[in-house]
Amino acid sequence: MKKIIAILLVLLLAACSVSAFKLPTVSPYAQKSIMLKANLVSSDKFQPRIRLPKCYKELTPENYWDTIRNSEKPVVVKFYSQLCEPCKKMAPYYEQACWEYRDRADFYALDIFLNLDFYYTFGLYHVPTILFYNDGAEVSRVTEITPEWAFVRDAIQQFLASI
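A brief structural summary.

Procedures and definitions
Residues numbered from 1 in each chain as written. Predicted model: local features only at pLDDT ≥ 70, side-chain atom pairs only at ≥ 80, totals over all residues. Heavy atoms only, no water. Helix = DSSP H or I, 4+ residues; strand = E, 2+ residues; numbered from the N terminus. Buried < 20%, exposed > 50% of the residue type's maximum accessible area, 1.4 Å probe, protein only. Contact = heavy atoms within 4.5 Å. Phe/Tyr/Trp six-rings, centres within 6.5 Å; stacked < 30°, edge-to-face > 60°. Disulfide = S-S within 2.5 Å. Pairing = 2+ DSSP bridges.

1. Side note on the overall build of the protein
- Within the protein, the regular secondary structure consists of six helices and five strands.
- Reading the protein from its N end, one meets helices and strands in the order α-α-β-α-β-α-β-α-β-β-α.
- Looking at the 163 residues of the protein, the share that counts as buried comes to 36%.
- Summarising the internal contacts of the protein: among those between residues at least 6 apart in sequence, 66% fall at separations of at least 24.

Below is the structure:
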């Protein structure tokens, strides 16, 4: 019975999103949550929407400061969200910059969707945001980034030229 109710709820919400009433659509994560609660899919099949490339590493609140302080090179940290459209558009540009400048700086990413409280401790309220560190101290930051290659490249080049 729970499965049938969950399926009907997902179908109803999907139908409402295309109707003339313009009700807000349900995010894929809300749909996934409904389906998980009804045991329609197993949780091990759920994968993050943005898969990190091999060029940069994922940070967590537990390893954030140790990683920043122990880095021998300047550090570039991207704050993103799995649900943020500009973040998704910027991801390939950040990856490209990572491959291009990997010998001059260390690149990392932190998902605010999983670490929202930690994100707010930086006084940040917009994603995507890039923070630049040198010798363990924040040098600069770029918020509300335009998801274009030139913008991302120029921000990183300007940071690397200033140190």
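2. Observations concerning the packing of aromatic side chains
- Applying the stated rule across the entire model yields 15 aromatic pairs.
- Here the aromatic rings of Y64 and F79 are separated by 6.3 Å at their centres, their planes lie at 45°, and the arrangement is tilted. With a gap of 15 residues between them, Y64 in helix α3 (residues 64-70) and F79 in strand β2 (residues 75-80) connect regions that are remote in the sequence.
- Measuring from centroid to centroid gives 5.7 Å for Y94 and F107, while their planes differ by 70°, and the two rings are edge-to-face. Taken as a pair, Y94 in helix α4 (residues 85-101) and F107 in strand β3 (residues 106-111) lie far apart in primary sequence, 13 residues in all.

3. Some words on the state of the cysteines
- Within this structure, the stated rule accounts for one disulfide.
- Residue pairing for C55: its cysteine sulfur links by disulfide to C98, the two sulfurs lying 1.9 Å apart. Since a negative S-S torsion denotes a left-handed disulfide, the C55-C98 link at about -100° is left-handed. Taken together, the positions of C55 in the loop between α2 (28-37) and β1 (57-58) and C98 in helix α4 put the pair 43 residues apart, joining distant regions of the chain.
- By relative accessible area, which is 17% here, C55 ends up buried.
- Given the relative accessible area of 1%, C98 is considered buried.

4. Description of the pairing of strand β4 (residues 129-134)
- With five of its six residues buried, β4 lies for the most part within the structure.
- In this structure, β2 lies alongside β4, joined through five bridges in antiparallel fashion. Its bridge partner being in β4, V76 is matched across the sheet by F132.
- Between β4 and the antiparallel strand that follows it, strand β5 (residues 137-142), lie two residues; D135 among them carries a positive phi value of about 55°.

5. Structural notes on the environment of L124
- Take L124: it is sitting in the loop between α5 (116-120) and β4.
- Taking the C-alpha atoms as reference points, L124 and R141, separated by 17 residues in sequence, lie 9.9 Å from one another.
- For L124, the contacting residues outside a window of four places in its chain are F79, Y119, T129, L131, R141 and T143.

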